[in-house]
Amino acid sequence: MRILLLSLLTLSATACTWVPIEPVGKAVRVLPNGPVPTGCVTKGEVVVTVKDKVGFYNRNPLRVQEELETLARNEAPSAGANAVQASGLPADGSQRFAAFQCPPR
């Protein structure tokens, strides 16, 4: 019974999103892979990291990627950017994003 309870607690904790979107991050858009839209100016790079493992448990890769995007959106305004684009795939809970200042849509 203890093992079942511990398993349920672990699974429910790993299903939660640990990274909330901040008000400044809500205005930042995530650009799809490919060419950068016309008029966007490069503002630098944002490197973000989250836990990809909890103990011996590997977290859901989609959840990790979602949290990395949220962190990048939260960090982009500090670089003067209003858009981010992944520069590569996540690796070990870390990912690089190019930061851009783009004209309003």
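What counts as what
- Residues numbered from 1 in each chain as written.
- Predicted model: local features only at pLDDT ≥ 70, side-chain atom pairs only at ≥ 80, totals over all residues.
- Heavy atoms only, no water.
- Salt bridge = Lys/Arg side-chain N within 4 Å of Asp/Glu carboxyl O.
- Helix = DSSP H or I, 4+ residues; strand = E, 2+ residues; numbered from the N terminus.
- Buried < 20%, exposed > 50% of the residue type's maximum accessible area, 1.4 Å probe, protein only.
- Disulfide = S-S within 2.5 Å.

Per an unreviewed UniProt entry, the recorded name for the protein chain is DUF4156 domain-containing protein, and the organism is Stenotrophomonas rhizophila.

Sorry if this is basic, but what is going on with the pattern of salt bridges here?
Side chains bearing opposite charge may pair, as long as their charged atoms lie close to each other. Counted by the stated rule, this structure contains three salt bridges. For R96, the salt bridge identified is with E45, shortest N-O distance 2.7 Å. A residue pair is termed long-range when its members are at least 10 positions apart, and R96 in strand β6 (residues 94–101) and E45 in strand β2 (residues 41–49) qualify at 51 residues. Residue R96 is classed as partly exposed on the basis of its relative accessible area of 45%. R63 is paired through a salt bridge with E66; the nearest N and O atoms lie 3.7 Å apart.

In this structure, what is going on with the environment of G34? I would like to understand it.
In this structure, G34 sits in the loop between β1 (29–30) and β2. For G34, a relative accessible area of 46% puts it in the partly exposed group. Taking the C-alpha atoms as reference, G34 lies 9.0 Å from Q85; in sequence the two are 51 residues apart.

What exactly am I supposed to notice about the state of the cysteines here?
In a disulfide, the sulfur atoms of two cysteines are held together by a covalent bond. Taken as a whole and assessed by the stated rule, the structure comprises one disulfide. The disulfide partner of C40 is C102, and the gap between their sulfur atoms is 2.0 Å. Judged by the sign of its S-S torsion, about 115°, the bond between C40 and C102 is right-handed. Of the two residues, C40 sits in the loop between β1 and β2 while C102 sits in the segment after β6, which places them 62 residues apart along the sequence. Since its relative accessible area comes to 16%, C40 is described here as buried.

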